[in-house]
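As a plain string of letters, each chain reads:
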Amino acid sequence: MKIPAVPDAPPNDRALHDISILLRPGTPEWPGDTPYDCRWTARRAGGSSVNLSCISGSPHVGTHADAPLHVQDGWPASHQLPLEAFVGRCRVVDVTLSDGPLDVAQLGLADGERVQRLLLQTGRCIAAGAFPERWPALATRCVDLLLQRGLRLLGVDCPSVDERESSSLDVHHRLFAGGAWVLENLDLSGVAPGEYELVALPLRIDGLDAAPVRAALRALPATRTA
């Protein structure tokens, strides 16, 4: 049976823009973590009725949501990640020219401005196939202020919301303790800074410290005028 080709989708100002890392062998893992791998366990070419595959690796390889359990025993695990935090209006902010700890002024937020979901475009993404040497992270005082302003989710296009050398993981701890959640290893290379709708649902996996995510952005609905 010939499978019909999928027709080209008509132009759509609200089409989904995939901001997930393509997961494949060779996708950079955190140094020392378990790399992603995949293999075939059955092939039709070998006489099986179906093609079957098997995957293995750390849930932190590629785009993922950290669970609080990642940094503290007894905190919520992957199956307890709340879907509502990962869906809704978000802001993409370009911080590619920054290196040091980021403060609110570098995020372009007005005094007292609230933001529930914030995605940082650092330009240190693993999508090109290399693990970055360093990347910027929020200063802890900035995290505290954002939490006061209603932050529910922080996403980054680099491997961690904390700096690479951090062992205390202060940003993780402050976010989780303040009721916010974490997305890491996004691919924001083709995204202009601004306001979007985010859809980034973690897989429902029991008891782990992270869950893989398929993340996408789309433009907000146009505002109708009289």
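Everything below is about the structure shown above.
Residues numbered from 1 in each chain as written. Predicted model: local features only at pLDDT ≥ 70, side-chain atom pairs only at ≥ 80, totals over all residues. Heavy atoms only, no water.

Caption draft 1: How the structure looks around the side chain of aspartate 66. Its location among the elements puts aspartate 66 in strand β4 (residues 64-66). Buried charge aspartate 66 goes without a salt bridge, the closest partner of opposite sign being arginine 164 at 15 Å. Here histidine 60 takes part through its side chain, which lies 3.2 Å from a polar atom of the side chain of aspartate 66. A distance of 3.2 Å separates polar atoms of two side chains, one belonging to aspartate 66 and the other to histidine 64. Apart from residues lying up to four places away in sequence, aspartate 66 is in contact with His60, Leu81, His172, Phe176, Val182, Glu184, Asp209 and Ala210. (Helix = DSSP H or I, 4+ residues; strand = E, 2+ residues; numbered from the N terminus. Buried < 20%, exposed > 50% of the residue type's maximum accessible area, 1.4 Å probe, protein only. Lys, Arg positive; Asp, Glu negative; His and termini not counted. Salt bridge = Lys/Arg side-chain N within 4 Å of Asp/Glu carboxyl O. Polar contact = N/O pair within 3.5 Å; in protein donor to acceptor, adjacent residues only side chain to side chain. Contact = heavy atoms within 4.5 Å.)

Caption draft 2: Layout of the layout of surface pockets. The calculated volume of the largest pocket comes to roughly 370 Å³. Lining the largest pocket are 18 residues, and of these Leu23, Tyr36, Val61, Thr63 and Pro212 sit closest to its centre. Looking at the lining of the largest pocket, the elements with two or more residues in it are β3 (52-56) and β10 (210-218). If you tally residues by element for the lining of the largest pocket, the top one is β10, at 3 residues. (1 Å grid on protein atoms, 1.4 Å probe; cavity = no way out; pocket = protein on both sides within 12 Å on 5 of 7 lines; lining within 4 Å. Points joined across faces, edges and corners; volume = space filled by probe spheres on them.)

Caption draft 3: How the structure looks around helix α1 (residues 140-148). Buried within α1 are the following residues: Cys142, Val143, Leu146 and Leu147. Angularly, the buried residues of α1 cover 135 degrees about the axis, an arc narrow enough to put them on a single face. Among the exposed residues of α1, those oriented more than 90 degrees off its buried face are Arg141 and Gln148. Along its buried surface, α1 packs onto β6 (117-121) and α2 (170-177). With its phi angle positive at about 100 degrees, glycine 150 sits one or two positions after the end of α1. (Arc of directions from axis to C-beta.)

Just distances and angles here, no functional claims.
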